[in-house]
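Inside the fold
Residue-level listing of the chains:
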Amino acid sequence: MRRTTSARTALAFAPLLALGLSLAACKKDAAPSEPTASASAEPVEDVTEAAPMTAEDWIRAHHKDAVSSDLGKLQYATAETDLDGDGTPEVLVYLGGPMFCGTGGCNLAVLKRQDGDLIQVSETSVVQLPVGVLDSKSHGWRDLAVSVSGGGMAEGVSRLRFTGRRYPGNASAEVSADAAPISKPLIAEDALKPLD
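Residues numbered from 1 in each chain as written. Predicted model: local features only at pLDDT ≥ 70, side-chain atom pairs only at ≥ 80, totals over all residues. Heavy atoms only, no water.

Some details on the pairing of strand E1 (residues 75-81)
For E1 and strand E2 (residues 90-96), the ladder comprises 7 bridges, and the chain directions are antiparallel. Counterpart to Glu80 in the pairing with E2 is Val91. With 2 bridges connecting them, E1 and strand E8 (residues 193-194) associate as antiparallel partners. Residue Gln75 lies in a different strand from E8, and its bridge partner there is Pro194. (Pairing = 2+ DSSP bridges. Helix = DSSP H or I, 4+ residues; strand = E, 2+ residues; numbered from the N terminus.)

Below, the structure written as structure tokens:
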């Protein structure tokens, strides 16, 4: 009798067992479920772009010795204008102070923006202020007009022509004593300020 009761109980649960097995088989064949956002949350990478390099950043990076010099405070002045006609202004940086100046003047760097950085195109010595730009072009770049005087040079204006690679390394390359003064300076005579 005991056997019969067990057989009846097994038969009574047989449909439930069959249903459970068929549901398990269906679940096995089903596509895996997509993980929820909270279950697979990976750290989101910060994609904010770095701020473009400033003229001050460029001075600090490329003239560390002058920034930390005991000889005197570095001074500078900047201006931006499109020299090569590509729609992006180049940066002119006039560098003043004992590491850059002599009796004939100081240094003028021309920088080009590239992927947020400033790349040096040229650096010209013995430049006096003011500095301007001309409408004339050499190798697709506008000519610069810089004041020159001192250091044995006659006072005048020098026209800096782009050579295809850079502007001249010395402003005394093409001086004209009878040239018209720079009427619209990019960097004025009193533009220098200390680098903090």
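Concerning the nonpolar core
Where a protein is soluble and globular, its nonpolar side chains tend to be buried together. Counting residues in hydrophobic clusters, the biggest one holds 23 residues, and the most contacted among them are Tyr94, Leu108, Val131, Leu144 and Ile187. Among the elements that line this core, the one with the most residues is strand E4 (residues 117-138), at 6 residues. Beyond its immediate sequence surroundings of up to four residues, Tyr94 is in contact with Gln75, Tyr76, Ala77, Cys106, Asn107, Leu108, Val127, Gln128, Leu129, Val131, Ile187 and Leu192. Among the nonpolar cores identified, the runner-up in size contains 15 residues, and Met53, Ala66, Ala109 and Leu111 belong to it. (Core = buried A, V, L, I, M, F, W, Y, C linked by side-chain atoms within 4.5 Å. Buried < 20%, exposed > 50% of the residue type's maximum accessible area, 1.4 Å probe, protein only. Contact = heavy atoms within 4.5 Å.)

Here's the deal with the packing of aromatic side chains
According to the stated counting rule, one finds 3 aromatic pairs in the structure shown. Ring centres 6.2 Å apart and planes at 75 degrees place the aromatic pair Trp141 and Tyr167 in the edge-to-face group. With Trp141 in strand E5 (residues 141-150) and Tyr167 in the loop between strand E6 (153-160) and strand E7 (175-176), this residue pair connects regions lying 26 residues apart in the sequence. A residue is classified by how much of its surface remains accessible, and Tyr167, at 1% relative accessible area, is buried. (Phe/Tyr/Trp six-rings, centres within 6.5 Å; stacked < 30°, edge-to-face > 60°.)

As for the environment of Pro168
Along the polypeptide, Pro168 turns up in the loop between E6 and E7. Among the residues examined, Pro168 registers a relative accessible area of 18% and is labelled buried. Taking C-alpha positions, Pro168 is 6.1 Å from Thr124, a pair spaced 44 residues apart along the chain. The contacts of Pro168, once residues within four sequence positions are left out, are Glu123, Thr124, Leu160, Arg161 and Ala173.

Limitation: the analysis is restricted to geometry and does not speak to function.
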